[in-house]
Amino acid sequence: MAAVKEDSKAESLNYYRFSRLVMVVPARYMARAFIWLHDGDSQSLDEFFTAHPGVFKNLDRLEKQKILEGTIPAKMDITLLYKLLFHAGNIPSANPPWHSPVKPGQQPSLGQVLYQLKGVRNENAHKNPEEQTKVTDDDLDTLAMTQKRLLTQMLTLAGQLAGKSQDTIAEAVTSMEADVATERHVQEGITVEKFVSLARHELSQRKHGQERPHYVEPRLVVTTRDALIGSFVRLRDLFSHTFQDGSRPQVIHVTGEAGAGKTSLCQAVFSSWLTEGQGAQAIADYQLVLSIACARVTSSDLHRYLRTWTLPETTQWCEDTASLTRLLREAKVLWLVDAWDEATREARGLLHEILHSKTESHTVLVTCRPELSASLTDLFWGKVLNVSFVGFDDFERAKLITGMNLDGISKESLDVFLRWLQVITSKEKELTNPLKLRLLAELWCGGQCSMGEARLPSVLQMYLYRTL
């Protein structure tokens, strides 16, 4: 077992090195080539875009945002630098065509070299997780040689085009070769344990002072085909659920009507992990729990989402994309993706990236209303556990109501109300819904609902009474 763990750690470290050779080193020297070509020593980026008005217009939304935020070339990624270099070097008109293969004995053009660098990046960025993490020493050596050759050609051609001296070009090539050698043997940076600790602290500080709402654990029923249909599962057992073959779910798909408690479930799980309070044992296998509210997502890029909105302070310890990717792959992560039925376009792209880049040590819990979950299930792969809310029984209803802050109601009146609920719920099944129970309790306390009414107020009536 120890040997397997060491092998896994070695593969992870090699993947980290591989990613840096693919993403970080080329971007560093593509930035230098761009500065040479647009005369960055004397011309600002603003002046460059003023001189090339069509360049900014053709960038995508996230790339434009990076430019507007003042991102310097050294902090840009390969895709953006690739576009800027093409315009700075007037590459589209270069001969031979930039997208044509380099023939034997032919001196490549700058456009062809950049196209090959981008190809290396794309080929390795779009591999599935299993392929990405299985990187051997031979793979690293081969990649290091390829990158040195391509980057040497790029620096030489860009330097000549920009009128740089041979000494300046040679100095840049020597620096690049040293960087490739360093990254080939680099040791891992921040550890998973420190990353998780920093993340927990940052998220705790953000939640500091917020009162944890009263929560009653719901009843859930399993609806997965290879499990027993209709079998009940408690929240505390949800994350340790196993299928008949002994495997655990990689995706937990939770459905329930509006007000059934989907958001409350996500909040309770997240709060339990954050405070290590009641219910924390159920998710003890996870080092990190991250919560995503689909209605508020404004970026489909996972790294940008984490760096900008979720963990801006913690991710500062990750100097580059490769470092953050490594930490996410090594950590045991539970993703809580709430309210898919309210998802923005960016949220859909974000969930797609999470589902297709996660490892087996990750679990994704997604909540959705049942009538809107069809488009969601198309994204799933791997083992999926489908569960749905079945509402509260008499004991759970009483526990929820007594835990609410109901001003102006005596214990005797509350007992009368709970007895009435037991009677009326046998006829009104919708009162197993937590939100409807809360609304009805507030109406009762306000004197707007009584035992003598011929029928129960509708949900719409409850809402209007409460808000108007």
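Summarised in this report is the structure supplied together with it.

Here is what the cut-offs are and how they apply
- Residues numbered from 1 in each chain as written.
- Predicted model: local features only at pLDDT ≥ 70, side-chain atom pairs only at ≥ 80, totals over all residues.
- Heavy atoms only, no water.
- Helix = DSSP H or I, 4+ residues; strand = E, 2+ residues; numbered from the N terminus.
- Buried < 20%, exposed > 50% of the residue type's maximum accessible area, 1.4 Å probe, protein only.
- Phe/Tyr/Trp six-rings, centres within 6.5 Å; stacked < 30°, edge-to-face > 60°.
- Core = buried A, V, L, I, M, F, W, Y, C linked by side-chain atoms within 4.5 Å.
- Contact = heavy atoms within 4.5 Å.
- Disulfide = S-S within 2.5 Å.
- Pairing = 2+ DSSP bridges.

**Here we look at the side chain of Gln-147**
- One can find Gln-147 in helix H8 (residues 137–162).
- Judged by relative accessible area, which is 1%, Gln-147 ranks as buried.

**A word on the packing of aromatic side chains**
- All chains considered together, the criterion is met by seven aromatic pairs.
- With centroids separated by 5.8 Å and ring planes inclined at 80 degrees, the aromatic side chains of Phe-49 and Phe-56 adopt a geometry described as edge-to-face.
- For Phe-49, a relative accessible area of 10% puts it in the buried group.
- Overall, the relative accessible area of 25% leaves Phe-56 in the partly exposed class.

**What to know about the nonpolar core**
- Counting residues in each nonpolar core, the largest one holds 63 residues, and the members touching the most others are Leu-238, Phe-239, Trp-335, Leu-351, Leu-365 and Val-387.
- Dropping the residues within four chain positions of it, Leu-238 is found in contact with Leu-220, Val-233, Ile-252, Leu-365, Leu-385 and Val-387.
- Membership of the second largest hydrophobic core comes to 49 residues, among which are Val-113, Leu-150, Ala-158 and Val-173.

**Some details on the environment of Val-55**
- Within the fold, Val-55 resides in helix H3 (residues 53–57).
- Sequence spacing of Val-55 and His-87 is 32 residues, and the spatial spacing of their C-alpha atoms is 7.2 Å.
- Setting aside residues no more than four positions away along its own chain, Val-55 makes contact with Phe-48, Phe-49, Leu-84 and His-87.

**What about unusual backbone geometry?**
- At Ala-339, a residue that is not glycine, the phi angle is positive and equals roughly 65 degrees.
- Position of Ala-339 relative to the elements: it lies in the loop between strand E5 (333–338) and helix H15 (345–357).
- The exposure class of Ala-339 is buried, given its relative accessible area of 10%.

**Overview of helix H14 (residues 321–330)**
- Counting buried residues along H14, eight of its ten residues qualify, which places the element largely inside the surrounding structure.
- Turning to H14, its buried residues are Ala-322, Ser-323, Leu-324, Thr-325, Arg-326, Leu-327, Leu-328 and Arg-329.

**Focus on the environment of Leu-365**
- In this fold, Leu-365 is placed in strand E6 (residues 363–368).
- A sequence separation of 116 residues divides Leu-365 from Pro-249, and the C-alpha atoms of the two residues are 9.8 Å apart.
- Leaving out residues up to four positions away in the same chain, Leu-365 has contacts with Leu-238, Phe-239, Ile-252, Val-254, Leu-265, Cys-266, Trp-335, Leu-336 and Val-337.

**Some thoughts on the state of the cysteines**
- Summed over the entire model, instances satisfying the criterion amount to zero disulfides.
- No disulfide involves Cys-368; its sulfur sits 8.7 Å from that of Cys-294, the nearest cysteine.
- According to the relative accessible area criterion, Cys-368 is buried, its value standing at 0%.

**What to know about the pairing of strand E3 (residues 251–255)**
- With five of five residues buried, E3 lies mostly within the body of the structure.
- Side chains Val-251, His-253 and Thr-255 project from E3 onto one buried face, and the interleaved Ile-252 and Val-254 project onto a second face that is buried too.
- Looking at chain direction, E3 and E6 are connected through five bridges and run parallel. For Thr-255, the partnering residue across the bridge sits in E6 and is Cys-368.
- Relative to strand E7 (residues 384–389), E3 runs parallel, the two sharing five bridges. Paired with Thr-255 across the two strands is Ser-388, which belongs to E7.

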